Amino acid sequence: MKKISDAMSDFRKMNTTLSGNVLNQDLNFDSEVHRRLLSIFQPGDFYFFVYNLNRSEFDFVSPEIETVLGYKREDATISLILSNAHPEDLPYFLNFENKVVEFFKQLRPDQILKYKVRYDYRIRRPDGEYVRILHQLITLDFDQQHGGILRTLGVHTDITHFKKEGKLVNISLWN
């Protein structure tokens, strides 16, 4: 079984590959607008985040993470998420992310905003219970010249009440 530090290293390499190692620019957006829009489309409790691929860290995490996962917003890191992924799901998670990297690397810059990534996996809450999360991502910010993805907008929706057991949903790339 892969160690968390190895998984994190692999994940960072994938992020750097997909971002094209372009320098970050500050991103401004109104989180209340995003929260209201997202609530219309979600089948359960959710939180959203802006993920910075160059730094392999969150630029923003909505406060609802505490309701969904039980972790405080200020404690939210990619390392926390990966270290609490169900041990059986972590290899699938990394495989899905690798497929995403390969897929997006083949796209022209004008195609990047046309796709959405989604799959599900389990994350352990502080109380030891696992929550099945529908993980959805769209590209929020990218280098238009080279196509490197800089930031993604992600939504984690608790779908435990829909799917407690069973295999993970395979990766879906929506156009």
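Structure shown above.
Rules behind the numbers
- Residue numbers run consecutively from 1 along every chain, following the written order of its sequence.
- Restriction of local features to residues with pLDDT of at least 70 applies here, the model being predicted, together with a cutoff of 80 or more for giving and counting side-chain atom pairs; totals for whole chains, interfaces and linings are based on all residues.
- In computing side-chain values, all of the structure's heavy atoms are included and hydrogens and water are not.
- Each helix corresponds to a stretch of at least 4 residues labelled H or I by DSSP, and each strand to a stretch of at least 2 residues labelled E; elements are numbered beginning at the N terminus.
- In this scheme, a residue with accessible area under 20% of its type's maximum is buried, one over 50% is exposed, and one in between is partly exposed, where area comes from a 1.4 Å probe on protein chains only.
- Each accessible area value is a Shrake-Rupley result obtained with a 1.4 Å probe; residue values ignore everything except the protein chains displayed when judging cover.
- For a helix, the expected span equals 1.5 Å multiplied by the number of residues minus one.
- A contact between two residues is defined here by any heavy atoms of the two lying within 4.5 Å.
- Two rings from Phe, Tyr or Trp (for Trp, the six-membered ring) form a pair when their centres sit within 6.5 Å of each other. Planes less than 30 degrees apart are called stacked, planes more than 60 degrees apart edge-to-face, and all others tilted.
- Positive charges come from Lys and Arg, negative ones from Asp and Glu, while His and the chain ends are left out of the count.
- Salt bridge, as used here: a side-chain nitrogen of Lys or Arg that lies within 4 Å of a carboxyl oxygen of Asp or Glu.
- Pairs of N or O atoms within 3.5 Å make up the polar contacts considered here, provided that, within protein, one atom can donate a hydrogen while the other can accept it, and that residues adjacent in sequence are counted only when both atoms are side-chain atoms.
- Axis lines are fitted to C-alpha atoms, over the contacting stretch for helices. Their N-to-C directions set the angle, which ranges from 0 to 180 degrees.
- We call two directions roughly parallel when the angle between them is under 35 degrees, roughly antiparallel when it is over 145, roughly perpendicular when it lies between 65 and 115, and oblique otherwise.
- Crossing handedness follows the turn of the near helix against the far one: under a right angle anticlockwise gives a left-handed crossing, and clockwise gives a right-handed one.
- Any residue outside Ala, Val, Leu, Ile, Met, Phe, Trp, Tyr, Cys, Pro, Asp, Glu, Lys and Arg is labelled polar, Gly included; the first ten of those are nonpolar and the last four are charged.

Caption draft 1: Region of the structure containing the overall build of the protein. Across its full length, the protein carries 5 helices and 6 strands. Along the protein, from the amino end to the carboxyl end, the secondary structure elements read α-α-β-β-α-α-α-β-β-β-β. The buried share of the protein, taken over its 175 residues, is 49%. Working note: accessible area of the protein is about 9500 Å², and carbon and sulfur atoms make up 50% of it.

Caption draft 2: Layout of helix α1 (residues 4–19). With 16 residues, α1 extends 22 Å from end C-alpha to end C-alpha; this agrees with the ideal 22 Å at 1.5 Å per step. Tucked into the core, α1 has its buried residues touching β1 (46–52), α4 (78–83), α5 (90–105) and β5 (149–158).

Caption draft 3: Structural detail: the environment of phenylalanine 162. Residue position: phenylalanine 162 is located in the loop between β5 and β6 (172–174). Along the backbone, phenylalanine 162 and arginine 132 are 30 residues apart, and their C-alpha atoms lie at a distance of 9.0 Å.

Caption draft 4: Just α5, in detail. With 16 residues, α5 extends 23 Å from end C-alpha to end C-alpha; this agrees with the ideal 22 Å at 1.5 Å per step. Restricting attention to buried positions, one finds in α5 the residues Leu90, Phe93, Leu94, Phe96, Glu97, Val100, Val101, Phe103 and Phe104.

Caption draft 5: Fine view of the packing of aromatic side chains. Across all of its chains, the model carries 13 aromatic pairs by this definition. Residues phenylalanine 11 and tyrosine 51 carry aromatic rings whose centres are separated by 6.1 Å and whose planes lie at 45° to one another, so their mutual orientation is tilted. Of the two residues, phenylalanine 11 sits in helix α1 while tyrosine 51 sits in strand β1, which places them 40 residues apart along the sequence. Exposure remark for phenylalanine 11: the relative accessible area of 4% places this residue in the buried category. Judged by centre distance (6.0 Å) and plane angle (70°), the ring pair of phenylalanine 93 and tyrosine 119 falls under edge-to-face. One end of the pair, phenylalanine 93, is in helix α5; the other, tyrosine 119, is in strand β3 (residues 116–124), and 26 residues separate them in sequence. Exposure class is identical for phenylalanine 93 and tyrosine 119. Each is buried.

Caption draft 6: Quick peek at the side chain of aspartate 158. Structurally, aspartate 158 can be placed in strand β5. One buried charged side chain, aspartate 158, makes no salt bridge at all; its nearest oppositely charged neighbour is arginine 125, positioned 6.4 Å away. Within the local environment of aspartate 158, its side chain forms a polar contact with the side chain of threonine 160, the two groups lying 2.6 Å apart. Dropping the residues within four chain positions of it, aspartate 158 is found in contact with Gly44, Asp45, Val68, Val131, Arg132 and Ile133.

Caption draft 7: Inspection of the side chain of glutamine 136 at higher detail. For glutamine 136, the position within the fold is in strand β4 (residues 130–142). A polar side-chain atom of glutamine 136 sits 2.6 Å from a polar atom in the side chain of lysine 116.

Caption draft 8: Structural detail: the packing of α1 against α5. Where α1 meets α5, the axes come as close as 9 Å, and the angle between the chain directions of the two elements is 15°. Between α1 and α5, the interaxial angle falls into the category roughly parallel. As for the relative orientation of α1 and α5, their crossing is left-handed in sense. The residues of α5 that touch α1, namely those facing Ile4, Ala7, Phe11, Met14, Thr17 and Leu18, are Leu90, Phe93, Leu94, Glu97, Asn98, Val100, Val101, Phe104 and Lys105. Taken together, the residues that form the contact of α1 with α5 break down as 11 nonpolar, 2 polar and 2 charged.

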